[in-house]
Each structure stands twice: as C-alpha cells, then as structure tokens.
Amino acid sequence: MKLFYRVLRVLVNLFLLAFAALTLTPMVWLVAATLKSPDDLFHYTFFAPRLSTFNFRDLFNTVPFHRYMINSTFVATTMVIVQLFFSSLAGFALAKYDFKGKKAIMILMLSTMMLPGQVLMAPLYELIYRMGLVDSYAGLIIPGAVSVFGIFLFRQSILQVPDELLHAARIDGCSEFRIYWDIVMPISRPMIGAFCLISFMGTWNSFLWPQIILHNTDRFTLPIALNQLVGLYQQQYGTLMAGTFLSVLPVIVLFMLLQKEFIAGLTAGAVKG
Amino acid sequence: MATRETEISIVRAPRTSRWFVLQHRLAPYLFVSPFLILFATFGVYPIVKSLLLSFYVTNGPKSAVFVGLQNFAFLFSDPDFHKAVWNTAVFAFWSVFLQLPMSLGLALLLNSLWVKGRELLRLAFFSPNLLGQVFVGVLFSVLFIPQYGLVNRFLHFIAGIPTDTKWLSNPDLVMPALVLTSLWMYVGFNMVYFLAALQAVDKDLYEAATVDGANAWHQFWAVTLPGIKPVAVFVLVMSTIGSFQLFELPWIMLNNSAGPDQAGLTIVMYLYQTGFVTGDLGYASTVGWTLALGVLIISLFQMRVTGAWKGGAD
C-alpha cells in the first residue's frame, strides 16, 4: 500500500509537470519564432542555432509599431487611473456609509453585471457618435470609466477596515475625502495592485469597442493594429509573431510584479462572496 | 500631557461646524456620483435606447425606420442566426462539460498534499490567460497552419494525424480548433477559482469524515463538493456567460471572417457584422437583446438546477 502511494505521488507530480510544460509550449514557441529568420522559421521547431532580429526590424520598418505601443500604453494607463479612482471611491461609500438608495445601487450594479456588454454596443455607438467622440480616446475611455466589478472588489476589501479607525480620524478632524485618501486607500494596497492589473489587462486586450470607435490608424491600439497587420502581411509569420510577442510582453511583466495580489483579488469576490 | 489635551480640543472645536457636518452627510452621495452619472449616461440610456432601436431598421447612426417586431421575425427565420446560435451553443457545451471538469481535476491534483512547487505550477497553468483573445488568436492561427504548424507536428508525433490537417479551412475542424484554443486559455484560469475554493474548505470536516470511515470518493461527494459549491456555481455561470460572448477568438483565427461554411460564426460575430459592417444598429440591438435574454434564462436555469437559487446570496 505504501509503495502504491509512492508511485501515485510520482505519477501525479509527473502529470502536473507535463501539463505545465504543454501549457507553456505555445509561449516558448512564440518567443523562439520571433528570433528566427524567415528561412529558419519552420525549419526548426523551436529555437534556431542562429538567432535573428529580422522580425523585429521588419515589424518596425513596415508599420509604426512603436506608435501603437505608445497608444495602448496611454489608453490602458489612463483607464486604470480613472477606473481605480472612481471604483474605489464608490466602493468606499458602499462599504462604510449608510445612505438612502444604497440598496438600490447595489441591486442596480448586480443586474448590470449579468447583462452582456454587447447588448449596449449599438446604442452606445450612436450616443458616442452624437457626442462627437467617434475616433477619439475619450470615446474609448469615458463609457468604461467606472468598473462595476471594481466597485464590488473595493467594497469587499474596504469592509474589512475597522470602523474605529475611521471614527478616530473624524474626531481628529479629517474630512471624509481625507479619510478615503489617507487611510482607506493605503490600507487597500493589495486590492489596488490586483485591480490595477485586472483593469490594465481588460483595456490592453480589448478589441471590439476600439475596433468600432477608432478609425484613424494613427490612433490604433495594439489589438486592432495587430489584426490589421494580419490582413496586410498574412504570410510573414515571423513579423506577426514579433508583433504578438511585443503586445503581450507588458502584461506579462506587470503580472510578474503583481502576481500575489492578482490571484487574491481575482478570487476574493468569489470565495468570500 | 496637559498641553496635548488642549491641542486636541482646539483642533476638535471647529469640527462641529456646519461644513464638517455637511461634508460628512454628503460624502457617500458624492463618492457614488461619478458611477451614477456615468451609469445613467452610458448604461441606462443605452439600455432604453437599444430596446427602442430593436424595433427599427437603421442605416448607421443617422437614419431609422420603425418596423415593429419585424427585426425579431427576421432574426428567428434567418438561417445565419440559427447557425450562429448552434455554433455558440456547441462551444458553450464544451466549455462547461470539458473545460470545467478539467479545471476541477487539475485543481484537485494541485491541492493534494503530494504536490511539489504548487505556486509555480499554478502560475504556469494560469499564464495563458494573460494573453488577450486577439493575441492568442493571432498566435494560434499560426500554430494551426497545415504542414508546419506546431499543433499538427505535435499531434502527428503523438497520435499520427496527417500533418496537412487543415484546421481552420475545413468546416468540420474549425470548432475543435476553437475549443482546443479556449481550453489552453481558460482551463488554468478556472482552476485558480477551484483551487482557492478547495483551500478554503474546512480541514476538520475531512478529519471527521475519515473518523467516520469515509473513503476518498465519499469525501469528495460529501465534503469537497458541498464545500466548493458556491464557487463552482459562480464559475459555471460566468464561464457560460463568457462562452456565449465568444467573438474575438474565431474572428481573429479565421482572419476576420466567419470561416469556411460559416463554421466559426458566433452570436456576437453575427451582431457585429449586421450592426457595424452592414450598419443596421437597430437589428444589432435586436440580436443583443435576444442574446441577453438567452444568457439570462440559461444562467437562471443553471442556478436553479444546482440549487444555488435560494442560497445565491452566500
């Protein structure tokens, strides 16, 4: 029986390792593909003995790829800051105050989370069109400036902040906004990390709404720029892979920095419910 | 000490001022107001407007003609829409009955006491989810190419399938390719939820069950499953809703089209094509509401069947 368990243990570990390797394979292939010359790309399954920077040079020569990277960085960073501020502020109000209409707001939020975003796409486009915000970053950012998911996330974490702390601050003469800014936000640091990453990823990877709103290629963000690149240079796989690699790299780096907070934040709402 | 006392009382004195009381009372309203204003503008207005729009035929944002229920009538008789619903449902089916069990199985293995390097493994399984669907779509459209693609090479090596298998241009293989890709993206993502839930199950319950003579199989049904049920229902509902919104992955993998014989046409793709390629925002709203109602009914059905209906709040 003891031997049986020992064998089982080895098998489980081996299986998990194999599964992890399989999961990582496409990403390893992606990295390898960016570093191969067009001749080597399919000649070697993974890395070629001779590394080449051809794909990256080709990418930046054929399209203003740096432009798209700057655009995406600008849009995602702005979105994160705006969403972080509005969502944490509302989350604080819903966690720590009793006020008229609080219940109604909570129900409203829950019901919008059930509604698929695409339902509103057509009228939203019409509205943005009337506001003259088509083909602008304002049209991209303003409709998504508050994240309902973010409000829930912050409400959840701010509920844990002891009320005594807030009362003490009030007695010391802190205004409500100072309480939010100087006490609640510093305590919520882990949740801020998680939310920033979730919000950044959401904006960075978003495709449909930017595709509808943005027309001028100078304003394109990475997903729509890359999609356009596929249409233009369909057979230049190496160049496409270089573009894909540079598009996913920032998110991966950010994730490495905020990993712990991220997983905690992701599951907070679900597990503690 | 006496001086500090007076200091505080001096500071405290003006705090009973009207301004201080007022800002305290108004604070919560001010704090939720950005949400409410944006929600009214970009939430309530579009909801009402899209309900109205769904009864109109439009040509871009400028012209609209009232047609009553004709949009709905046309929608339900359109073979393209039937195709889109079928494809989306098939994709959702595999997400629920293949992907979620895999996620749970992986979480159970990872949660067992035997595993070394749990954190690193979790990281590896989760990592594909960092890549957006567009980027995954571009990557996998190359991985799936005939002859040289990594998928064909690998499957030829382990299962002997022909290397010229045309995943994305053979109508019968488009859906399997989409399901495979989404397995890669989401198995680890859902596993994170299951794992967190498993780790939160009370360890004493297992001990009690062992004392009572329950074997591993009984423990799974009597302790584990009830323990992770709220999370499992959450994951089930969210991943179903997510599946029904499938768009970017097939759209990119099939090179901005519905694919051969429309094998990759999904409901949201249908919405996008009618609303923003053809330009009929009214009809797109009709599709949107049909999708929303469908998703709502399925979610409620799932919560009913799993018994989370009454306990939904906890």
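Residues numbered from 1 in each chain as written. Chains lettered and ligands numbered in written order. Predicted model: local features only at pLDDT ≥ 70, side-chain atom pairs only at ≥ 80, totals over all residues. Heavy atoms only, no water.

Points about the overall build of chain B
Each helix and strand in chain B was counted, giving 13 helices and two strands. Taking 314 residues into account, the globule formula puts the C-alpha radius of gyration at 20 Å, and chain B, at 27 Å, lies well above it. Dimensions of chain B, computed from the C-alpha atoms along their principal axes, are close to 90 × 70 × 40 Å. Working note: accessible area of chain B is about 15,300 Å², and carbon and sulfur atoms make up 68% of it. (Helix = DSSP H or I, 4+ residues; strand = E, 2+ residues; numbered from the N terminus. Rg over C-alpha atoms; globule rule 2.2 N^0.38 Å. Areas by Shrake-Rupley, 256 points an atom, 1.4 Å probe, with all protein chains shown as cover.)

What to know about unusual backbone geometry
Even without glycine at this site, D135(A) takes up a positive phi of about 65°. Here D135(A) falls in the buried class, since its relative accessible area comes to 18%. Positioned with a positive phi, N255(B) is a non-glycine residue whose angle comes to about 60°. Under the relative-accessibility criterion, N255(B) is labelled partly exposed at 31%. (Buried < 20%, exposed > 50% of the residue type's maximum accessible area, 1.4 Å probe, protein only.)

Observations regarding the interface of chain B and chain A
Contact with chain B, which involves 93 residues of that partner, is made by 96 residues of chain A. Both sides together, the interface formed by chain B and chain A hides about 8,500 Å², and carbon and sulfur atoms give 79% of it. Sorting the residues of chain B by area buried against chain A places F31(B), W114(B) and F135(B) first, and these three jointly supply 10% of that buried surface. Here chain B and chain A share one salt bridge between them. A salt bridge links K49(B) to E126(A), with the nearest nitrogen and oxygen atoms 3.6 Å apart. At the surface where chain B touches chain A, the tally comes to ten residue pairs in polar contact (both at pLDDT 80 or more). No other element matches the 23 residues that helix α2 (residues 18-53) of chain B contributes to the side of chain B that touches chain A. Its residues assigned to classes, the side of chain B that touches chain A comprises 69 nonpolar, 15 polar and nine charged. (Contact = heavy atoms within 4.5 Å. Buried area = accessible area lost by both parts, 1.4 Å probe. Salt bridge = Lys/Arg side-chain N within 4 Å of Asp/Glu carboxyl O. Polar contact = N/O pair within 3.5 Å; in protein donor to acceptor, adjacent residues only side chain to side chain. Nonpolar A, V, L, I, M, F, W, Y, C, P; charged D, E, K, R; others polar.)

As for the pattern of salt bridges
All told, the structure shown has eight salt bridges over all chains when counted by the stated rule. Here K102(A) ties to D98(A) by a salt bridge, and the two come within 3.7 Å at their closest N and O atoms. Linking R130(A) and E126(A) is a salt bridge whose minimum nitrogen-to-oxygen distance equals 3.3 Å. A residue pair is termed a helical-turn pair when its members lie 3 or 4 positions apart in one helix, as R130(A) and E126(A) do in helix α5 (residues 121-130) at four residues. Looking at R130(A), the relative accessible area reads 56%, which means it is exposed. Taking relative accessible area as the criterion, E126(A) reaches 5% and is therefore assigned buried. When salt bridges that share partners are traced, they join E126(A), R130(A) and K49(B) into one network.

Considering the packing of helix α4 (residues 102-114) of chain A against helix α7 (residues 148-158) of chain A
Residue and element names in this part refer to chain A. In contact at an axis separation of 10 Å, α4 and α7 are set at 130° when each is read in the N-to-C sense. In this view, α4 runs oblique relative to α7, as classed from their interaxial angle. In this structure, α4 meets α7 at a crossing whose hand is left-handed. Of the residues in α7, those in contact with M106, M109, L110, T112 and M113 of α4 are V148, F149, I151, F152 and R155. For the contact of α4 with α7, the class distribution of residues is eight nonpolar, one polar and one charged. (Axes fitted to C-alpha atoms, helices over the stretch in contact; angles between N-to-C directions. Parallel < 35°, antiparallel > 145°, perpendicular 65-115°, else oblique. Left-handed = near helix turned anticlockwise from the far one by under 90°.)

Remarks on a positive patch on the surface
Positive charge collects at one region of the surface, where K2(A), R6(A), R9(A) and K116(B) lie side by side. Counting through the fold element by element, K116(B) comes out in the loop between α4 (79-111) and α5 (118-126). Looking at K116(B), the relative accessible area reads 60%, which means it is exposed. (Patch = residues over 30% accessible without salt bridge, like charges linked within 9 Å, V, L, I, M, F, W, Y side chains within 5 Å. Lys, Arg positive; Asp, Glu negative; His and termini not counted. Charge placed at Lys NZ, Arg CZ, Asp CG, Glu CD.)

Examining the side chain of S243(B)
Residues and elements named next belong to chain B. Tracing the chain through its elements places S243 in helix α10 (residues 216-244). For S243, a relative accessible area of 3% corresponds to the buried category. In terms of polar contacts, S243 uses its side chain to reach the side chain of S95, at 3.1 Å.

Topic: the pairing of strand β1 (residues 56-59) of chain B
With four bridges joining them, β1(B) and strand β2 (residues 63-66) of chain B adopt antiparallel strand pairing. Across the sheet, the residue bridging to V57(B) is V65(B), located in β2(B). (Pairing = 2+ DSSP bridges.)

So, the packing of α4(B) against helix α8 (residues 171-200) of chain B
Residues and elements named next belong to chain B. In contact at an axis separation of 7 Å, α4 and α8 are set at 40° when each is read in the N-to-C sense. What the angle tells us is that α4 and α8 run oblique. Once α4 is placed against α8, the crossing between them reads as right-handed.

Things to note about a nonpolar patch on the surface
All names here are of chain A. Residues L3, V7, V10, L11, L14 and L17 make up a contiguous nonpolar surface patch of roughly 590 Å² in combined accessible area. Relative to the helices and strands, L17 is located in helix α1 (residues 2-34). With a relative accessible area of 52%, L17 lands in the exposed category.

Some thoughts on the nonpolar core
Within the largest apolar cluster, 186 residues are counted, with the highest numbers of intra-cluster contacts made by W29(A), F92(A), W209(A), M241(A), F35(B) and F125(B). When residues are assigned to domains, this core turns out to be shared by domain 1 (18-51) and domain 2 (71-313) of chain B, each giving three or more. (Core = buried A, V, L, I, M, F, W, Y, C linked by side-chain atoms within 4.5 Å. Domains from an automatic or database assignment.)

Here we look at the packing of aromatic side chains
Aromatic ring pairs are defined here through the distance separating the ring centres and the angle between the ring planes. Enumeration according to the criterion identifies 48 aromatic pairs over all chains in this entry. Here the aromatic rings of W217(B) and W221(B) are separated by 5.8 Å at their centres, their planes lie at 70°, and the arrangement is edge-to-face. Taken together, the positions of W217(B) and W221(B), both in helix α10 and four residues apart, correspond to about one turn of that helix. One aromatic cluster is present, formed by F85(A), F86(A), F92(A), Y97(A), F177(A), Y180(A), W181(A) and F31(B) through successive ring pairs. (Phe/Tyr/Trp six-rings, centres within 6.5 Å; stacked < 30°, edge-to-face > 60°.)

Section: helix α13 (residues 281-305) of chain B
All names here are of chain B. In a regular helix each residue adds 1.5 Å, so 25 residues correspond to 36 Å; α13 covers 36 Å between its end C-alpha atoms and thus fits that length. The backbone nitrogen of G282 lies 3.2 Å from a side-chain oxygen of the residue at the head of α13, namely D280. Count one or two residues on from α13 and you reach G307, which has phi positive near 75°. (Expected span 1.5 Å × (residues − 1).)

Looking at helix α7 (residues 150-159) of chain B
Listing the buried residues of α7(B) in full gives L150(B), V151(B), N152(B) and L155(B). Residues of α7(B) that are buried sit in contact with α1 of chain A together with α6 (133-143) of chain B. Directly after α7(B), the chain includes G160(B), whose backbone phi takes a positive value near 75°.

So, the confidence of the model for chain A
On average, residues of chain A score 91 in pLDDT, and 98% of them are at 70 or above. Mean pLDDT values for the elements of chain A range from 84 in helix α13 (residues 237-272) of chain A up to 96 in helix α3 (residues 65-96) of chain A. (pLDDT = per-residue confidence, 0-100.)

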